[in-house]
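Okay, here's what each chain looks like letter by letter:
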Amino acid sequence: MITVRVPAKVNVQLGVGGLRADGFHDLANVFFAVGLFDEVTATPGEGVTLSCTGPDAASVPLDDTNLAARAARLLAAHHGLGDPGVHLHIAKAIPVAGGMAGGSADGAAALVACDALWGLDTPFDTLLELAAELGSDVPFALLGGVALGRGRGEILDALPVAGTFHWVFAVADGGLSTPAVFRECDRLREEAGTGSSAADVPTPDADPALLAALASGDPVALAAALTNDLQAAALALRPSLADTLAAGTEAGAIGALVSGSGPTCAFLAKDADAATAIAAALTASGTCRAAHATHGPVRGAEVSAPRP
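Residues numbered from 1 in each chain as written. Predicted model: local features only at pLDDT ≥ 70, side-chain atom pairs only at ≥ 80, totals over all residues. Heavy atoms only, no water.

Thoughts on the confidence of the model for the chain
No. 1: Confidence in the prediction for the chain averages 94 pLDDT; 99% of positions are at 70 or higher.
No. 2: Here strand β6 (residues 155–158) stands out as the least confident element of the chain, with mean pLDDT 92; helix α6 (residues 208–216) is the most confident, with 98. (pLDDT = per-residue confidence, 0-100. Helix = DSSP H or I, 4+ residues; strand = E, 2+ residues; numbered from the N terminus.)

A short note on the nonpolar core
No. 1: Among the nonpolar cores identified, the biggest contains 62 residues, and Val12, Phe32, Leu88, Trp167 and Leu222 are the most heavily contacted of them.
No. 2: In terms of residue count, helix α2 (residues 102–117) provides more of this core than any other element does, eight residues in total.
No. 3: With 28 residues, the next largest nonpolar core counts Leu27, Leu176, Cys185 and Val258 among its residues. (Core = buried A, V, L, I, M, F, W, Y, C linked by side-chain atoms within 4.5 Å. Buried < 20%, exposed > 50% of the residue type's maximum accessible area, 1.4 Å probe, protein only.)

A few points about the sheet that holds strand β11 (residues 290–296)
No. 1: The antiparallel open sheet is built from four strands, whose spatial order is β9-β10-β7-β11. The sheet is open, and its two edges are formed by β9 (255–258) and β11, each paired on a single side. The sheet shows a mean angle of 20° between the axes of neighbouring strands, taken without regard to direction.
No. 2: Strand direction decides the pairing type here: strand β7 (residues 165–171) and strand β10 (residues 265–269), joined by five bridges, are antiparallel. Looking across to β10, one finds that Phe169 is bridged to Ala266.
No. 3: Sheet strands touched by helix α10 (residues 272–285): β7, β10 and β11. Its angle to β7, the strand with the most contacts, is close to 10°. (Pairing = 2+ DSSP bridges. Axes fitted to C-alpha atoms, helices over the stretch in contact; angles between N-to-C directions. Contact = heavy atoms within 4.5 Å.)

Considerations on the packing of aromatic side chains
No. 1: On inspection of all chains with the given rule, the structure shows four aromatic pairs.
No. 2: The interplanar angle of 15° and the centroid separation of 4.8 Å between the aromatic rings of Phe31 and Phe140 together place this pair among those described as stacked. Remark: Phe140 occurs in helix α4 (residues 138–143) and Phe31 occurs in strand β2 (residues 25–43); sequence separation between them is 109 residues. By the burial criterion, Phe31 is buried, and Phe140 matches it. (Phe/Tyr/Trp six-rings, centres within 6.5 Å; stacked < 30°, edge-to-face > 60°.)

Let's talk about unusual backbone geometry
No. 1: Omega for the bond connecting Gly262 with Pro263 falls within 30 degrees of zero, at 5°, which places this linkage in the cis form.
No. 2: Structurally, the position occupied by Pro263 is in the loop between β9 and β10.
No. 3: Cis geometry is adopted by the peptide bond preceding Pro297, which originates at Gly296 and carries an omega value of 5°.
No. 4: With respect to the helices, strands and loops of the structure, Pro297 is situated in the loop between β11 and β12 (302–303).

A few points about the packing of helix α1 (residues 67–78) against helix α3 (residues 124–134)
No. 1: Direction vectors running N to C along α1 and α3 enclose 130°, while the axes themselves pass 10 Å from each other. As far as their axial angle goes, α3 and α1 are oblique. Considering the relative orientation of α1 and α3, their crossing is right-handed. Residues Leu67, Arg70, Ala71, Leu74, Leu75 and His78 of α1 lie in contact with α3, whose contacting residues are Thr126, Leu127, Leu130, Glu133 and Leu134.
No. 2: Looking at the contact of α1 with α3, its residues break down into seven nonpolar, two polar and two charged. (Parallel < 35°, antiparallel > 145°, perpendicular 65-115°, else oblique. Left-handed = near helix turned anticlockwise from the far one by under 90°. Nonpolar A, V, L, I, M, F, W, Y, C, P; charged D, E, K, R; others polar.)

Section: the state of the cysteines
No. 1: Tallied over the full model, the rule gives zero disulfides.
No. 2: Its sulfur unpaired, Cys185 is 17 Å from the next cysteine sulfur, which belongs to Cys265.
No. 3: Given the relative accessible area of 5%, Cys185 is considered buried.
No. 4: The thiol of Cys288 is not disulfide-bonded; the next cysteine sulfur, from Cys265, is found 8.4 Å away.
No. 5: The exposure class assigned to Cys288 is buried, which follows from its relative accessible area of 15%. (Disulfide = S-S within 2.5 Å.)

Structural notes on α3
No. 1: Within the sequence span of α3, burial applies to Thr126, Leu127, Leu130, Ala131, Ala132 and Leu134.
No. 2: Close packing links the buried residues of α3 with α1, α2 and α4.

A few points about the pairing of strand β4 (residues 86–91)
The two faces of the sheet receive side chains in turn, since in a regular strand these alternate between them.
No. 1: Residues Val86, Leu88 and Ile90 point to one face of β4 and are all buried, whereas His87, His89 and Ala91, pointing to the other face, are not buried.
No. 2: Pairing of strand β3 (residues 48–53) with β4, which is carried by six bridges, proceeds in the parallel orientation. Within β4, the residue paired with Thr49 across the bridge is His87.

Thoughts on the pattern of salt bridges
No. 1: Inspection of every chain in the model, using the stated rule, returns twelve salt bridges.
No. 2: Here Glu302 makes a salt bridge to Arg299, at a shortest N to O gap of 2.8 Å.
No. 3: Judged by relative accessible area, which is 58%, Arg299 ranks as exposed.
No. 4: Three or more residues are tied together by salt bridges with common partners; here these are Arg20, Asp22 and Asp26. (Salt bridge = Lys/Arg side-chain N within 4 Å of Asp/Glu carboxyl O.)

What follows is the structure, encoded as structure tokens:
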């Protein structure tokens, strides 16, 4: 039995370029791994089967549309193993369809877990290449820490970061479809008259002020630099998120934004005590289903020590 722990992510910068001919958008995506974790446990089985527990378990598909199952099959095919035999159990704590890459995290964890279970010793660079085939956010779940993602987000460069930053994540009822949020972003750009194609929207780049804030470990400077080009689209599709953002800010957050495509909202706190207080205030506000105080950056997907 192999158990792999894998973190959620928040995008401290999500710059979105115009719509490309292939249907994707160029991104300047600064990923930040935070201490909300799923665990994926791989055990020998027949075929590829899945099970799931956790608050959102009923929303997790248990068929081949799940990235964990696809990861197991992709790894087996890469090594010419034929029909793989593995049961994958997902202990879910990352919100489902919440803009924190929970499904992608499970795909990354399944790659690591199956690689260990089957004794394959696949080079890490190869795992990253396989992860990129699964989805844009999967490679970062392997890498962890803080990284700039370019292209669709799958081309990663690790970034220097000092110290620990303290976060609160407000989980909404229900999810948001990432493709729907990108479509709404394009629609809003057309409505504003700026155009939405790659010819209309400049290719985004990382914000030097944000990179400097990360490298210096300055939470106030990072708070001032937080940006998400999908936030307006997420708010258009889920207007109630504005109340959540306001509640966290009123409770003392020094920075607030929608995480990725939403609907989870992320709040940067000045320290651990402030994060605890903000989480309590958000829970009491009635503007979210739950609020979690945590920290980062943290490591990417890795095999956990066996539990006693």
